[in-house]
Structures are given as structure tokens and as C-alpha cells.
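Fold and contact review
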Amino acid sequence: MIIDLRSDTVTQPTPAMREAMFTAPLGDDVLGDDPSVNALEAKAASLFGMEAALFCTSGTMTNQLAIRTHCRPGDDVICDYLSHVYQYEGGGISVNALASASLAHGLRGKLTPDLVRDHIYSPADPHKPLSRLVVLENTVNKGGGCYYTIPEIAAIRHVCDEHGLLLHLDGARLFNALVETGEPTEAYGQLFDSISICLSKGLGCPVGSLLLGKADFIWQARRYRKLMGGGWRQAGFLAAAGSYALDHHIGRLKQDHARARQIGAMLKGRPEVEEIYPIDTNIVIFRLPETLLASDYVQKLETVGIRGITFGKHLVRFVTHLDFTDEQLEKFDQILNRD
Ligand SMILES: *Cc1c(COP(=O)(O)O)cnc(C)c1O
């Protein structure tokens, strides 16, 4: 048995999800008539109280489509230095949107109203790019799965409104935040101009992300998706998995969080563990001593049947997910603490 904690993307569709996929009615999504895709987009938009949604292959695609649609060449995007849109999307802000990025250094990757204000350029200064868009990430992957609350976001929205800035949410793991805060999805729909959510992470789908926003914004994003070759025909197979996950896989995320905290407890006090980031959701990040490279440690773990990933020179990340069971958790403890 391999205990795979590299990411929450490694899950296999459950038998019930496969059944939903195999029995999904299909059409041609590029022509706009795949009923399963249309149903998923309508369900997601209504969940967040937003006008429209667009089903895409990945969170990178939904984030990049949002940035491309919101920005014009020469615009500037304000985000945290740790953010996925900056660190893990191949430089897409500059490649796709011809925009620059102003990087804030927040606490565990979280922006604050002051940090946003500090990175806004004066539109009266012809030397500067035009500040256009703020991107928040919730939960913050590189911050160890920490999350924002609605009041924190509302304060940032206020700064955006004062300066005419748009606000996008990279909500790849938004539901992990929501099951902790208990906050309603509709509040998110009201605060953001656009939201990206991933179905292939904690929700356990094989593939897929959704972009949410106003109808005209989504229509423009749909044009760019096609331009990028992202039009997919009988995508209803995958959309059906998404609808199934939204109906059945949100509440159970709490179990992933509990298991992540238990992993933290198992790591605590081990000689090779110098520091464990606070465990707020399903991500566990810990630091090794200067004398131990994360790459060596992860390789060693692999030989005993545990998979994690390096998250920096001396940082290791584990992520709990739908396929990580209590039985595996027990095994994890046995393996880790047997020598
Ligand atoms: C995983 C992730 C994404 C999207 O990743 P894809 O692999 O392109 O689906 C976006 N943002 C964050 C914070 C992520 O963790």
C-alpha cells in the first residue's frame, strides 16, 4: 500500500461518481448543447449567486482566463509572492494577459487592505503600469492551507472599490475554507468579480475547474478558452463528475482536515521535524533541519511507502484527500514512528 499525500489531485473517482459519469447525457459543448456541462455551470453559478460559469480543464486555465479577460496589455496584477497565479502558472500573467505583477509579502500568503493599498500605482503617473486586478487565494496553498474570513475579504474589496480595481479569487480549495468558517457561498459571489474553483482537488473529480462571474465576463472568457484550444466537445462525462462532487463531496472535507491535524500530531516531536506550519485545513507543511534536504527526505519516505512533495529546500508538504483513509493514517503512523 502506497500512502499518496503528494496532493489532493491524486484521487480516483468513486464508484458512484463513475456511475454518474457513465450515465451522463452528452452533447457538443462547443456548440453549447452538452446538457451535463450546462447543468454543472448553472449549478455552480447559482450556488455562488453569480450570473454565469464556465467549465474548464484546470485551475490554471480558469485563473488565466480570468486574468486575461480582466486585464489589458500593460495592466498590473496585485497578488502575494506565494500565490499560485504567480508561482505555478508558467508566467501566464505576462504570457497570456501581457500584464505585470506586483508582489506583496503577506503573512502566509494572505493579503491585507494595507498591503493592497501599498501596491497600487497612481494612474496619474505615466511611468507606471495601470493597477487593474487584485488576486486572492483561498485557501493559500503555499501558506499551508490557511484561509480568509468574509470580513477580511470585505475590507480588501473596500480598497478595490476605492481605487476601481477588480477582485479575482483563486478558490482552488475554497470549499476547504468554507467548511471551516461555515460562511455562505453567496457571500463570496457578492465580494468577487470572478471566482475560480477546482473540482479535481478536495472534491475528488478526475479533471475540471469552474470560472464564475458576470454573464458578459464569462462570455468573453469563453472566447479566450476557445482561442486557447480549450473548447471540449462531449465534456459532459467530466461535468457529471463535477455535479456529483458538488452534491456529495463538500461536507466530508472536514474529515480531511481532521486527518491533517492528526498527521501534524504524529510529526510533532520527531527529530527531523523542526517546525510544523499551523494546520488549518488539509495541508501539512513542515520544515527539516538545515542539514537535511527535502528532496532526500521525500525520496527516503517513498522507499517506505509514503509520498509527499518538496515545498522548498527544507520544506515538505502532505495533503490529505478523499482517498486517504483512517486505515492509511494508522499505517502512516506505524511507518513514521517505527525506527
Ligand atoms: C492546484 C491549484 C490551482 C490549479 O491547478 P491546476 O493543476 O491547473 O488545476 C490553482 N490555484 C491553487 C492555489 C492550486 O493549489
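Residues numbered from 1 in each chain as written. Predicted model: local features only at pLDDT ≥ 70, side-chain atom pairs only at ≥ 80, totals over all residues. Heavy atoms only, no water.

An unreviewed UniProt entry annotates the protein chain as Threonine aldolase of Spirosoma montaniterrae. Database annotation for the protein chain, UniProt heading Cofactor (unreviewed entry): "pyridoxal 5'-phosphate". Quoted straight from UniProt, the Sequence similarities (unreviewed entry) entry for the protein chain says "Belongs to the threonine aldolase family." (UniProt positions renumbered as here; feature names shortened; annotations may be inferred.)

On the surface, Phe 22, Leu 26 and Phe 237 cluster together into a nonpolar patch covering about 310 Å² of accessible area. As for its placement among the helices and strands, Phe 237 is situated in helix α11 (residues 236–248). Overall, the relative accessible area of 35% leaves Phe 237 in the partly exposed class. (Patch = residues over 30% accessible without salt bridge, like charges linked within 9 Å, V, L, I, M, F, W, Y side chains within 5 Å. Areas by Shrake-Rupley, 256 points an atom, 1.4 Å probe, with all protein chains shown as cover. Salt bridge = Lys/Arg side-chain N within 4 Å of Asp/Glu carboxyl O. Helix = DSSP H or I, 4+ residues; strand = E, 2+ residues; numbered from the N terminus. Buried < 20%, exposed > 50% of the residue type's maximum accessible area, 1.4 Å probe, protein only.)

To continue, consider the sheet that holds strand β8 (residues 209–213). The sheet built from 7 strands is open, its strands ordered β2-β8-β7-β6-β5-β3-β4 with mixed pairing. Because the sheet does not close on itself, it has two edges, and the strands there are β2 (52–56) and β4 (100–104). When the angles between neighbouring strand axes are averaged without regard to direction, this sheet yields 20°. Bridging between strand β5 (residues 130–137) and strand β6 (residues 166–171) involves 5 bridges; their strand directions are parallel. Looking at the pairing, Val 134 lines up with Leu 167 of β6. Relative to β2, helix α2 (residues 35–47) is tilted by about 130°, and along the sheet it contacts β2 and β8. (Pairing = 2+ DSSP bridges. Axes fitted to C-alpha atoms, helices over the stretch in contact; angles between N-to-C directions. Contact = heavy atoms within 4.5 Å.)

For the rest of this paragraph, the subject is the environment of Arg 252. Among the structural elements, Arg 252 can be located in the loop between α11 and α12 (253–267). Given the relative accessible area of 14%, Arg 252 is considered buried. Counting along the chain gives 143 residues from Arg 252 to Gly 109, while the straight-line C-alpha distance between them is 26 Å. In contact with Arg 252, not counting residues within four places along its chain, are Gly 202, Arg 259, His 321 and Leu 322.

Moving on, we get to helix α14 (residues 326–336). For the α-helix, the turn length of 3.6 residues means that residues three or four positions removed from each other point alike. Taken together, the buried positions of α14 are Gln 328, Leu 329, Phe 332, Ile 335 and Leu 336. Relative to the axis of α14, the buried residues are bounded by an arc of 125° and lie together on one face. In α14, the exposed positions that point more than 90 degrees away from the buried face belong to Glu 327 and Glu 330. Its buried side turned inward, α14 meets β1 (3–4), α12, α13 (294–303), β11 (306–307) and β13 (315–319). (Arc of directions from axis to C-beta.)

It is worth spelling out the pattern of salt bridges at this point. All told, the structure shown has 18 salt bridges when counted by the stated rule. Among the salt bridges present, the one from Arg 173 reaches Asp 8, with a minimum N-O distance of 2.8 Å. Taken together, the residues span a long stretch of sequence, with Arg 173 in the loop between β6 and α8 (174–181) and Asp 8 in the loop between β1 and α1 (15–22) at a distance of 165 residues. Between Arg 157 and Asp 161 there is a salt bridge, with the nearest N and O atoms lying 3.0 Å from each other. A residue pair is termed a helical-turn pair when its members lie 3 or 4 positions apart in one helix, as Arg 157 and Asp 161 do in helix α7 (residues 150–163) at 4 residues. Connected through shared salt-bridge partners, Asp 4, Arg 6, Glu 302 and Arg 307 make up one network.

Ranked by internal contacts, the top residues of the largest apolar core, which has 53 residues, are Leu 136, Tyr 188 and Ile 195. Discounting residues that sit within four places of it in the chain, Tyr 188 has contacts with Phe 48, Asn 138, Tyr 148, Ile 150, Ile 153, Leu 169, Leu 174, Leu 178, Glu 183 and Ile 195. Counting residues in each nonpolar core, the second largest holds 23 residues, with Leu 301, Ile 306, Phe 318 and Phe 324 among its members. (Core = buried A, V, L, I, M, F, W, Y, C linked by side-chain atoms within 4.5 Å.)

We now examine the UniProt feature "modified residue: N6-(pyridoxal phosphate)lysine" (unreviewed entry) in the protein chain. UniProt records the feature "modified residue: N6-(pyridoxal phosphate)lysine" (unreviewed entry) at Lys 201, using the numbering of this structure. With respect to the secondary-structure elements, Lys 201 resides in the loop between β7 (194–198) and β8. Using a relative accessible area of 14% as the deciding quantity, one classes Lys 201 as buried. Those residues in contact with Lys 201 that lie beyond four places of it in its chain are Asp 8, Thr 9, Thr 11, Ala 172 and Arg 173.

Moving on, we get to the site of the ligand. Neighbouring the ligand are Ser 58, Gly 59, Thr 60, Asn 63, His 84, Glu 137, Asn 141, Asp 170, Ala 172, Arg 173 and Lys 201. Contacts to the ligand include Gly 59, whose backbone N or O atom sits 2.8 Å from an oxygen atom. Between the ligand and the protein, one listed contact pairs an oxygen atom with a side-chain N or O atom of Lys 201 at 2.8 Å. Protein contacts shield 84% of the accessible area of the ligand, which totals 380 Å² for the unbound molecule. Take the shell around the ligand: its biggest share by element is 3 residues, from helix α3 (residues 59–70). Split into classes, the residues belonging to the shell around the ligand amount to 1 nonpolar, 6 polar and 4 charged. (Near = heavy atom within 4 Å. Polar contact = N/O pair within 3.5 Å; in protein donor to acceptor, adjacent residues only side chain to side chain. Nonpolar A, V, L, I, M, F, W, Y, C, P; charged D, E, K, R; others polar.)

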